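An overview of the molecular structure
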Amino acid sequence: MSEAVKQSQIQDVDAVDVAAELSAANEATADKNAALTENVAQDIKSVTVAPDTVEAEDSFKLMYEASLKEKTEIRRGEIITGMVVGVNADVVVIDVGMKDEGTIPLAEFAQAGMAVPAVGDQLQALIQSAGDSSGVSLSVLAIKQRQAWDQLEAAVADESTVEAVITAETKGGFRVKLNGLNGFMPRSEADTNIHVEPATLVGQTCQVAVLEARRRPENIVVSRRRPMNAVLEQERMAFFETHSVGDKLSGEIKRLADFGAFVDLGGVDALLHVSDVSWRRIKHPSEMLAVGQHVSIEIVKLNAETGKVSVSMKSLQSDPWENVENTYEPGMRLTGTVRRLLDFGVVVELEPGIEGMIHRSELSWTNRDINPASVVAEGDVVDVAVLEMDPSARRIRLSLKAVSENPWQQWMADHPAGSHVTGKIKNITDFGFFVHVADGMDGLVHMENLSWDKSGAEALKSFQKGLDVESVVLGVDVEKERIALGVKQLTDDPFSLFLAGSKRGSSVNGVVVEVKPAGVVVQVAEGVQAFMPMREVPRDHDELKVGSEVEAKIIEVNEKRRQVSLSIRQHLVQEEREAMRNYSRQTADDSAPSALALELQRKLFGKI
């Protein structure tokens, strides 16, 4: 208990103790008056008077003594019964039957919970003071307080309860009234529900257990929670004895929390988890429930030892996933509501209890890694297509982009292979660069498609980000959403042109452009170079240098690698063979008979 509360309680002084102190003072005053009267009587006896006055004086003495005997002794703290002889604005006047009148403050009747009496009513009151100038002071509240203390002490002894009224909220708890006595109830002892609103308790009349009752210094501490717990414990025991898992009941929503709701089942608060409210997924129970609402539930868990009960509302509803196979199929177009945005996609409610997932890769045709929040918002109504279903796993894959025209297909239709496109270089990589060709669409120019006569790395150095370039569409992969472009394809392939006029076995003329240990590089046409190994150069041939003109035979062609191999040696051998063939043909022509001679021979031999 706080020091402030103790000090407040100490200040309320017990009226009965004060009455006892004042009674002791009155007794002393009464003894003093009695002694004074005795002295006066003795003085009267000692005075010499005339014989004719003795008889009168004795009669006066006897009358005075008789009046003292008739007058009842007044003691503080005693309870007397008197008649109401007057009621005014401030006090009630009581005839106490001793030739005196006592007064009771009018406000005490309200404090004691009593109606203001009428003239002629008999009334019990406690004497608080007597014999002073103010007369006899009486109190009806002190009687109530004395009775209240007796009741409190008895309640402590037998652990029973008393009635109290919660009058006000104070620091750390509440002020209470118990038959005119002021008490304190700590906040932790106010209710079994720690979340109860204090304002709802003020003004209530309730049964409380007395935790402490001390008259001096006055200190009264009570508990409303303890008798409530006792009642709840009896109800809880009765509940577990009469209920089991599977029972269907009705209850009242007592409190809502982020994770669910607490349902009052009559002595037991059962947990209704947010996932058991409905087949439909909800974030907070307040979306479907409210405090004070009556709901039908089924007991799903019951533990008498821990006193915990779990209930479900959705177990009383049919599972919507049971009919998914009959309702949905891949390729269907549906309308749903966006319920949640996740980092990897969007959850769409197709019907209460049935949700599907749109992966972020299925949100846009032109951006496979788009932020879901940039496309849709919670609560949006969207058209989607069913991609895949797995009822056993309670999963449905959806697509947002599948219900819209594929821009890749449209772009491919507008830009077939061989088409020319122009765009800015978006970014450059180690293997080429990307060209922006449409909103959300980029084409790749690989480094191998930059130049016919330069290496890819060398040709790549000529390009920079932001540069406008023209390129040729080499191909479009709609499924993979890729566009292949080429820059060197803007001109004819010199290698192809060279091969069109020069086949394997033919001889070509060229100029040495590079000399290597293994051979020489010969430029045989614009943009076309061939390699001639040293073994294909005769030993007696003049030394080959850069700029040397050579005539050689094409001995090998690799179109895929764009390679041509030359040989001077084989070219010379071929020349010799051609010369010998021409010489033999000429000799044969010179020695052959003429046509006339052949005709004469035919005729001659024919006759023979």
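Residues numbered from 1 in each chain as written. Predicted model: local features only at pLDDT ≥ 70, side-chain atom pairs only at ≥ 80, totals over all residues. Heavy atoms only, no water.

1. Points about the pattern of salt bridges
Following the criterion strictly, the structure yields 22 salt bridges and no others. As a salt-bridge pair, arginine 225 and glutamate 189 come within 3.1 Å of each other at their nearest N and O atoms. With a gap of 36 residues between them, arginine 225 in helix 6 (residues 225-242) and glutamate 189 in the loop between strand 8 (181-186) and strand 9 (205-214) connect regions that are remote in the sequence. Exposure remark for glutamate 189: the relative accessible area of 10% places this residue in the buried category. Taking the shortest distance from any N to any O, the salt bridge between arginine 340 and glutamate 355 comes out at 3.6 Å. A residue pair is termed long-range when its members are at least 10 positions apart, and arginine 340 in strand 16 (residues 333-342) and glutamate 355 in strand 18 (residues 354-359) qualify at 15 residues. Salt bridges sharing partners connect three or more residues here, namely Asp150, Glu153 and Arg215. (Salt bridge = Lys/Arg side-chain N within 4 Å of Asp/Glu carboxyl O. Helix = DSSP H or I, 4+ residues; strand = E, 2+ residues; numbered from the N terminus. Buried < 20%, exposed > 50% of the residue type's maximum accessible area, 1.4 Å probe, protein only.)

2. A word on the sheet that holds strand 18
Pairing within the closed barrel is mixed, and its 5 strands lie in the order 16-17-18-20-19. Strand-to-strand twist across the sheet, computed as the mean angle between neighbouring axes with direction ignored, equals 50°. (Pairing = 2+ DSSP bridges. Axes fitted to C-alpha atoms, helices over the stretch in contact; angles between N-to-C directions.)

3. Brief notes about the environment of valine 92
For valine 92, the position within the fold is in strand 2 (residues 91-95). By relative accessible area, valine 92 is classed as buried at 0%. Apart from the residues lying within four places of it in its own chain, the contact partners of valine 92 are Val84, Gly86, Val87, Gly102, Thr103, Ile104, Leu106, Phe109 and Pro117. (Contact = heavy atoms within 4.5 Å.)

4. Concerning the packing of aromatic side chains
On inspection of all chains with the given rule, the structure shows 4 aromatic pairs. Between phenylalanine 431 and phenylalanine 434, the ring centres sit 6.4 Å apart and the planes meet at 85°, which makes this aromatic pair edge-to-face. With a relative accessible area of 23%, phenylalanine 434 lands in the partly exposed category. Measuring from ring centre to ring centre gives 5.0 Å for phenylalanine 433 and phenylalanine 463, while their planes differ by 40°; the resulting arrangement is tilted. Here phenylalanine 433 is found in strand 22 (residues 432-438), whereas its partner phenylalanine 463 is found in the loop between helix 9 (456-460) and strand 24 (468-477), with 30 residues between them in sequence. Its end group placed over the ring of tryptophan 279, lysine 314 keeps NZ or CZ at 4.6 Å from the ring centre. (Phe/Tyr/Trp six-rings, centres within 6.5 Å; stacked < 30°, edge-to-face > 60°. Lys NZ or Arg CZ within 6 Å of the ring centre and 35° of its normal.)

5. A look at helix 10 (residues 494-501)
Within helix 10, burial applies to Pro494, Phe495, Phe498 and Leu499. Down the axis of helix 10, the buried set is contained in an arc of 135°. They therefore lie on one face. For helix 10, the exposed residues lying more than 90 degrees away from the buried face are Leu497, Ala500 and Gly501. The elements touched by buried residues of helix 10 are strand 26 (507-516), strand 27 (519-525), strand 28 (528-533), strand 29 (549-558) and strand 30 (563-567). A side-chain oxygen of the first residue of helix 10 lies 3.0 Å from the backbone nitrogen of phenylalanine 495; this N-cap is aspartate 493. (Arc of directions from axis to C-beta. Polar contact = N/O pair within 3.5 Å; in protein donor to acceptor, adjacent residues only side chain to side chain.)

6. A look at the side chain of glutamate 298
If you trace the backbone, glutamate 298 turns up in strand 14 (residues 294-303). No salt bridge is formed by the buried glutamate 298, whose closest oppositely charged neighbour, lysine 248, lies at an N-O distance of 4.0 Å. There is a polar contact of 2.9 Å between the side chain of glutamate 298 and the side chain of serine 315. If near-sequence neighbours (up to four positions away) are discounted, glutamate 298 is found in contact with Gly246, Asp247, Lys248, Ser310, Val311, Ser312, Ser315 and Leu316. (Lys, Arg positive; Asp, Glu negative; His and termini not counted.)

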